[in-house]
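Descriptive analysis of the structure
Below, each chain spelled out in residue letters.
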Amino acid sequence: FAYLPNGYDAASFSEAPPRTRSGQKIVVTYVGSVYRATSPRGYLKALDGAPDELRSQFETRFIGRISDEEMDLLRGHKGSVQFLGFLPHKEALLKMLDSAYLLLTVNNDFAIPGKMFEYLATGIPILATAPAGSEVATLMQETGSGWCVDPSDEAGLQAMLNDAWRQARGLRQQFHPRWAVIRRYERQRLAAELARLIGNTPLSKDDEAADLIDTTRPSHA
């Protein structure tokens, strides 16, 4: 077996304008569907429990589909939350680039959302909630792409928000992405690796027999 992960299209980011970061709020943007497996309840609960002076400085934006169950949850929180619905990819990318942080929420230990690779390519710190030892937590550690806290770790989530506030205000510098690792997920590199794997894979006996049948079959053209 060979494993090739999802990735990102570097051209999408080379064509994007420079980051703008408008406004005074610390903007946290989530892109993608929100349902039980990606519920942001841990992040929102931590935000609710933060001091008013800290919580008031955060604005969380959700881009994409939100299930009815999760919409009820999101609407019942104290912080500033915006629902932007579906957006074209280029527009969603601009919203990502106009953010202080990108929010990633995964409540199992095996999934890596496809959007995570685009998150990595932006160079914007990720605030992730995912189980300890999960695929997301491992990738976050390998890439140095932000913070990752177990969604059940309330104290850890509070500390993550406090650290994010301090970094956004220039009081601390903790974000050091490992670009050599992140660039491994460029789709052009992944496609080249796929081509290499295909070229180096010997045919099985069944495949060889099928090739022989195909090449000796009479043409009806």
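Structure shown above.
Read on for a plain summary of the structure. (Residues numbered from 1 in each chain as written. Predicted model: local features only at pLDDT ≥ 70, side-chain atom pairs only at ≥ 80, totals over all residues. Heavy atoms only, no water.)

Things to note about the pattern of salt bridges
Note the following rule: Any Lys or Arg side-chain nitrogen found within 4 Å of a carboxyl oxygen on Asp or Glu counts as a salt bridge. Strands are runs of DSSP state E lasting at least two residues, helices are runs of H or I lasting at least four, and both sets are numbered from the N terminus onward. Accessibility here uses a 1.4 Å probe with only protein chains present; expressed as a share of the type maximum, an area under 20% marks a residue as buried, one over 50% as exposed, and anything in between as partly exposed.
This structure, assessed with the given rule, holds 6 salt bridges. We note a salt bridge from Arg 36 to Glu 69, for which the minimum N-O separation is 3.6 Å. Here the residue Arg 36 occupies a position in the loop between β1 (26–31) and α2 (41–49), and Glu 69 occupies one in helix α4 (residues 68–75), the gap between them amounting to 33 residues. By relative accessible area, Arg 36 is classed as exposed at 62%. The class for Glu 69 is partly exposed, based on a relative accessible area of 45%. Close ionic contact of Arg 196 with Glu 193 constitutes a salt bridge, the shortest N to O distance being 2.7 Å. Separated by 3 residues within a single helix, Arg 196 and Glu 193 lie in helix α10 (residues 187–200), roughly one turn from each other. Residue Arg 196 is classed as partly exposed on the basis of its relative accessible area, which comes to 43%. Classification of Glu 193 as partly exposed rests on a relative accessible area of 28%.

Considerations on the sheet that holds strand β6 (residues 146–149)
In plain terms, the rule: What makes two strands pair is DSSP finding at least two bridges between them. In this analysis, axes come from line fits to C-alpha atoms, helices being fitted only over the stretch in contact, and the angle between any two N-to-C directions falls in the range 0 to 180 degrees. Any two residues whose heavy atoms approach within 4.5 Å are treated as being in contact.
If you trace the 6 strands from one edge of the open sheet to the other, you get β3-β2-β1-β4-β5-β6, paired in parallel fashion. Looking at the sheet topology across the chains shown, the edges are occupied by β3 (80–85) and β6. For this sheet, the mean angle separating the axes of adjacent strands, direction not counted, is 20°. With 6 bridges joining them, β1 and strand β2 (residues 58–63) adopt parallel strand pairing. Each bridged residue has a counterpart across the sheet, and for Ile 26 the counterpart in β2 is Phe 58. The strands touched by α2 are β1, β2, β4 (101–105) and β5 (126–129); relative to β2, the strand with the most contacts, the crossing angle is about 160°.

Points about the packing of aromatic side chains
For clarity, the threshold we go by: When the centres of two rings from Phe, Tyr and Trp lie within 6.5 Å, Trp using its six-membered ring, the rings pair. Their planes under 30 degrees apart give stacked, over 60 give edge-to-face, and anything left gives tilted.
The final tally for this structure, using the stated rule, is 4 aromatic pairs. A ring pair is formed by Phe 62 and Phe 83, whose centres lie 6.4 Å apart and whose planes are at 25°; its orientation type is stacked. Taken together, the residues Phe 62 in strand β2 and Phe 83 in strand β3 connect sequence positions 21 residues apart. Residue classification places Phe 62 among the buried residues on the basis of a relative accessible area of 1%.

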